[in-house]
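Descriptive analysis of the structure
Each chain, written out:
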Amino acid sequence: MFAASCLLSEDQFLCSICLDVFTDPVSTPCGHNFCKNCINEHWNSDDQYLCPLCEMVFYTQPELHINTLFSEMVSHSSEQQAAKPGEVPCDVCTRTKLKALKSCLVCLTSYCETHLEPHLTALSLKRHQLMDPVENLEDRMCMKHDKPLELFCKTDQTCVCVLCSVLDHKTHEFVPLKEEYEGKKAELGKTEAEIQEMIQKRQLKIEEIKHSVDLSKEAADREKAEGVQVFTALMESVERSLNELIETIEEKQRTTEKQAEDFIKELEQEISELKKRSSEVEKLSHSEDHLHLLQNFPSLKAAPPTKDWTEVSVHPSSYEGTVVRAVAQLEETLSKQMKLLEAELKRIQQYAVDVTLDPDTANPWLILSDDGKQVNLGDVKKNLPDNPERFSPCVSVLGKQSLSSGRFYFEVQVKEKTEWTLGVARESINRKGKIIPTPQNGFWTIRLRNGNEYSACNDPPVDLSLKAQPQKVGVFVDFEEGLVSFYDVDAAARIYSFTGCSFTEKLYPFFSPCFNDDGKNSAPLIICPVNQTE
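Worth saying up front: this structure is predicted, and the values here are computed from it rather than measured. (Residues numbered from 1 in each chain as written. Predicted model: local features only at pLDDT ≥ 70, side-chain atom pairs only at ≥ 80, totals over all residues. Heavy atoms only, no water.)

1. Regarding the overall build of the protein chain
Along its length, the protein chain carries nine helices and 24 strands. Computed over C-alpha atoms, the radius of gyration of the protein chain comes to 55 Å, more than 25% over the 24 Å expected from 2.2 N^0.38 for 534 residues, which places it beyond the range of a compact globule. For the protein chain, the spread of C-alpha atoms along the three principal axes comes to 180 × 100 × 45 Å. The buried share among the 534 residues of the protein chain stands at 32%. Of the roughly 33900 Å² that the protein chain leaves accessible, carbon and sulfur atoms contribute 54%. Averaging the locations of the 59 positively and 86 negatively charged side chains of the protein chain gives two centres separated by 6 Å. (Helix = DSSP H or I, 4+ residues; strand = E, 2+ residues; numbered from the N terminus. Rg over C-alpha atoms; globule rule 2.2 N^0.38 Å. Buried < 20%, exposed > 50% of the residue type's maximum accessible area, 1.4 Å probe, protein only. Areas by Shrake-Rupley, 256 points an atom, 1.4 Å probe, with all protein chains shown as cover. Lys, Arg positive; Asp, Glu negative; His and termini not counted. Charge placed at Lys NZ, Arg CZ, Asp CG, Glu CD.)

2. Re the sheet that holds strand β2 (residues 33–35)
Spatially, the three strands line up as an open sheet ordered β2-β1-β5, and their pairing is antiparallel. Edge positions in the open sheet fall to β2 and β5 (65–66), since each of these has one partner strand only. Across three bridges, the pairing between strand β1 (residues 25–27) and β2 is antiparallel. Looking at the pairing, P25 lines up with C35 of β2. Across the sheet, helix α1 (residues 36–44) touches β1 and β2, and the angle it forms with β2 is around 90 degrees. (Pairing = 2+ DSSP bridges. Contact = heavy atoms within 4.5 Å. Axes fitted to C-alpha atoms, helices over the stretch in contact; angles between N-to-C directions.)

3. What about α1?
Looking at α1, one finds that the buried residues are C38, I39 and W43. Burial along α1 is one-sided: seen end-on, the buried residues are contained in an arc of 125 degrees. Opposite its buried face, α1 presents the exposed residues N37 and N44, each directed more than 90 degrees away. Buried positions along α1 lie against β1, β2 and β3 (49–50). (Arc of directions from axis to C-beta.)

4. A look at the environment of K99
One can find K99 in the loop between α2 (68–78) and β6 (102–104). Sequence separation between K99 and I367 is 268 residues, and the spatial gap between their C-alpha atoms is 86 Å.

5. Here we look at the state of the cysteines
Counted under the stated rule, the structure contains zero disulfides. No disulfide involves C112; its sulfur sits 3.8 Å from that of C90, the nearest cysteine. This cysteine, C164, is not joined by any disulfide, and C161 carries the nearest cysteine sulfur, 3.5 Å off. Exposure remark for C164: the relative accessible area of 6% places this residue in the buried category. (Disulfide = S-S within 2.5 Å.)

6. Looking at the environment of C394
Relative to the helices and strands, C394 is located in the loop between β13 (374–377) and β14 (397–398). Residues C394 and G189, 205 residues apart in the sequence, show an inter-C-alpha distance of 56 Å. Each residue touching C394, except ones within four places of it in the same chain, is listed here: N363 and I435.

7. Considerations on the pairing of strand β15 (residues 407–413)
β15 sits mainly inside the fold: five of its seven residues count as buried. Where β15 and strand β20 (residues 472–478) come together, seven bridges link them in antiparallel fashion. In the sheet register, R407 faces β20, and the bridge partner there is D478. As paired strands, β15 and strand β24 (residues 525–528) are joined by three bridges and run antiparallel to one another. Within β24, the residue paired with Q413 across the bridge is I526.

8. Points about the sheet that holds strand β18 (residues 453–456)
Sheets are built from strands that pair by backbone hydrogen bonding, the pairs being arranged parallel or antiparallel. Overall, antiparallel pairing links the six strands, which are arranged β14-β23-β16-β17-β18-β19 in an open sheet. Each of the sheet's edge strands pairs with one partner strand only, and the pair in question is β14 and β19 (462–464). One ladder, built from three bridges, connects β18 with β19; its direction is antiparallel. The residue of β19 that forms the bridge with A456 is V462.

9. Describing the packing of aromatic side chains
A full pass over the atoms with the stated rule returns 12 aromatic pairs. Residues F479 and F503 carry aromatic rings whose centres are separated by 5.5 Å and whose planes lie at 45 degrees to one another, so their mutual orientation is tilted. With a gap of 24 residues between them, F479 in the loop between β20 and β21 (483–488) and F503 in the loop between β22 (493–498) and β23 (507–512) connect regions that are remote in the sequence. The class for F503 is buried, based on a relative accessible area of 11%. Ring geometry for F486 and F498: centres 6.3 Å apart, planes at 75 degrees, overall edge-to-face. In this pair, F486 sits in strand β21 while F498 sits in strand β22, placing the two residues 12 residues apart along the sequence. Considered together, F486 and F498 belong to a single accessibility category, that of buried residues. Put simply, the rings of F391, F443 and F510 pair up and form one aromatic cluster. The ring of F391 has R431 sitting right over it, with the charged end atom 5.9 Å from the ring centre. (Phe/Tyr/Trp six-rings, centres within 6.5 Å; stacked < 30°, edge-to-face > 60°. Lys NZ or Arg CZ within 6 Å of the ring centre and 35° of its normal.)

10. Concerning the pattern of salt bridges
Tallying each qualifying case throughout the model produces 15 salt bridges. Residues K102 and D132 are paired through a salt bridge, measuring 3.3 Å at the closest nitrogen-oxygen approach. Highlighted residues: K102 in strand β6 and D132 in the loop between β8 (130–131) and β9 (151–153), separated in sequence by 30 residues. Bridged by salt links that share partners, the residues K154, E180 and K184 form one connected network. (Salt bridge = Lys/Arg side-chain N within 4 Å of Asp/Glu carboxyl O.)

11. Quick look at a nonpolar patch on the surface
On the surface, a cluster of nonpolar side chains totalling about 250 Å² of accessible area is made up of L163, V166 and L167. Assignment of secondary structure puts L167 in the loop between α5 (162–166) and β11 (174–176). (Patch = residues over 30% accessible without salt bridge, like charges linked within 9 Å, V, L, I, M, F, W, Y side chains within 5 Å.)

Just distances and angles here, no functional claims.
Here it is as structure tokens:
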């Protein structure tokens, strides 16, 4: 039924009164069609009932009938929507440009459903090449030969027409556009898969980073809580000691003041009595009564009842040693408080790594144990290949294990040694010639020299004052925090920390047993198993 509509011109779907697509089409007795509302308004505005097309006159208003077949045809035609912005319009439509259904590469024209009908029915047009509607069909024609671009020149990587292939590109390799299209489409599919994989990897990396941030926040919260606990206890101890010191000094001052007040009160009482006696003596000395003077003279002549104040004095309280004793007591208290560092060391020991020495990095003079846990200087230089990883002439060796994120910890026995250097080093350090182990050169280490001189290898070196000589040194690294800390394991005391470091590559444990010093420093450095402090 709708096939007939495809044969109607676009104008036949327009009302001759409103010149727009029919709305509720009705037929007059003369057979013409109008919008129902349009014809009624036309007749209401005129004195006679006249057909606007054939001018047939009706003496009474005729009865209008709905044209069912024509309504369905109009409805079907209206289903072809007008082209929206971004859609390809029909090139044949003269009024409302409907959405194109196909484009013809031969006609270089885009057609809506109605105007496409001849290409689907006429034998001469059926051979034309139709495709999904596209704009700028001229771009699909060879500008030189005015022929469709049907081939792909693999040599020049460009689209060409048939004439190009035999004239301008005759020695080149060609394939049909569809074949190249399929190949490129497959490549795009592979590229899309690769892109999706990259997206997934980055999304996973985002989750990993977020998880690391969460872990860091949890660790930061724990550290802050423990730090507040430690420093609150320390501040309370200092404040308590200060209050006790002030109370001791003030108590001494109060005792001195009380003693002075008692002496002053007693002296003032004697002065009052002496003034009274002075008044009586003066009065009696002016008396003209002989008998009265002689009778009272003995009582006034007698010595007054006063004590000897010559040796009496108030000495200022002595505060010497008070502060010293208070500080000593505070030091003892703080020493007990600093035992909290044991808890810190215990936490750090959870990141222990089983470190072994890497023989490919060891100086030829060094002797490594079979288990890779001990190193000391030998008497004979071994004949080893001078590979780039090996230290020479510096008597040093690296551990096999590396760190590029997170944390690690290991312990080294330095007992009975007079010289050593320990720490970590980045992968790209210089291993040949003279080495200056500073952070600027990729080393974060501490060292012992001359039996009792400890220092952090910074620029300049930082001298370390230690109460006792460590027998076992712990090395802790937090890659993200940029932290390298050293501990006296037995004393559970921190020796030194490098902070604010910027690590951009792998870090390796670094060991140097140093020279034997005529046998005084022959003891080996020993990597120990980590036993967490109780």
